[in-house]
Amino acid sequence: MVDDSMAMWDREAATFDDAPDHGLRDPAVRRAWSELLLPLVGGPRRRVADLGCGTGTLSALLADEGGHVVHGVDISPEMIERARAKTEHVVPRPVFTVADASDPPLRSRAFDVVLCRHVLWAMPDRDSALRRWVDLLAPGGALILIEGRWSTGAGMTAAECTDLVRSLRDTVELRMLDDPAYWGGTTDDERYIVYSPAAPGNVPDVAGVGGRR
């Protein structure tokens, strides 16, 4: 299964950034993601694990605009090759590793933030993967999941995702990402972000981040 996933994403790598939300080539789309993520990550110089990082666009964004120290992990060597090229001149330059995002070879309790975009839904064992991701968080760390239930029927609903996170974390905030600014156009999917800080009392206003609904 791992080999199949690697081969599939290797094939996707050459055109992966053509999607507006993957390449963030449109300044307006990039700005939308920046305004969404940077307040949640906090900072400066937060240690971020970007799991299932693809071509490294969000890793580059967080390092370049937020000054964060990012370690990206992806199962596809082709994706990682493009991520390294993309961030060659980014300071601080992210580090990238080819590995299975469900069990990344990263040190437990070493990260301030674990970020995953469109990854959890594809995990064969979502519960085990999420437990491993939570294990990466240092005390006070935050989990950020961007997920969706696609019009094709794939993915996971917001209710499924929040329930799974609540089984492991005390504080869970949900926001629907229905603004076309994130995607470069309108969508008919259920797309959302789940944010889980360390404890109650330290939760940014997710619904108001970036002024978007």
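Quick caveat: nothing in here was measured; it's all calculated off a predicted structure.

K.L.:
Help me understand the pairing of strand β4 (residues 111–117), please; the structure alone is not making it clear to me.
P.N.:
Successive residues of a regular strand alternate their side chains across the two faces of the sheet. Along β4, seven of the seven residues are buried, which leaves the element largely enclosed by surrounding structure. Relative to β4, strand β1 (residues 47–51) runs parallel, the two being bridged by four bridges. When the sheet's bridge partners are listed, Val48 is paired in β4 with Val113. Note: β4 against strand β5 (residues 137–149), six bridges, orientation parallel. Paired with Val113 across the strands is Ala142, a residue of β5.

K.L.:
When you look at helix α6 (residues 126–135) in this model, what are you seeing that I'm missing?
P.N.:
One turn of an α-helix holds 3.6 residues; hence residues three or four places apart share an orientation. Ala129, Leu130, Arg132, Trp133 and Val134 are the residues of α6 that are buried. Those residues of α6 that are buried are in contact with β1, β4, β5 and α7 (158–166).

K.L.:
Honestly, the pairing of strand β3 (residues 95–98) in this entry has me stumped. Any pointers?
P.N.:
Relative to β3, strand β2 (residues 69–74) runs parallel, the two being bridged by four bridges. The partner of His71 across the bridge, within β3, is Val95.

Rules and cut-offs
Positions within a chain are numbered from 1, following the residues in the order the chain's sequence is written. Local features in this predicted model are restricted to residues of pLDDT 70 or higher, and side-chain atom pairs are both shown and tallied only at a pLDDT of 80 or more, whereas totals for entire chains, interfaces and linings draw on every residue. Heavy atoms throughout the structure, all of them, feed into the side-chain values; hydrogens and water do not. Only protein chains enter the accessibility calculation, which uses a 1.4 Å probe; a residue is then buried when its area is under 20% of its type maximum, exposed when over 50%, and partly exposed in between. Put simply, DSSP H or I for four residues or longer makes a helix, DSSP E for two residues or longer makes a strand, and each gets a number counted from the N terminus. Any two strands with at least two DSSP-identified bridges between them are counted as paired. Throughout, a contact is declared for two residues whenever any of their heavy atoms are within 4.5 Å.

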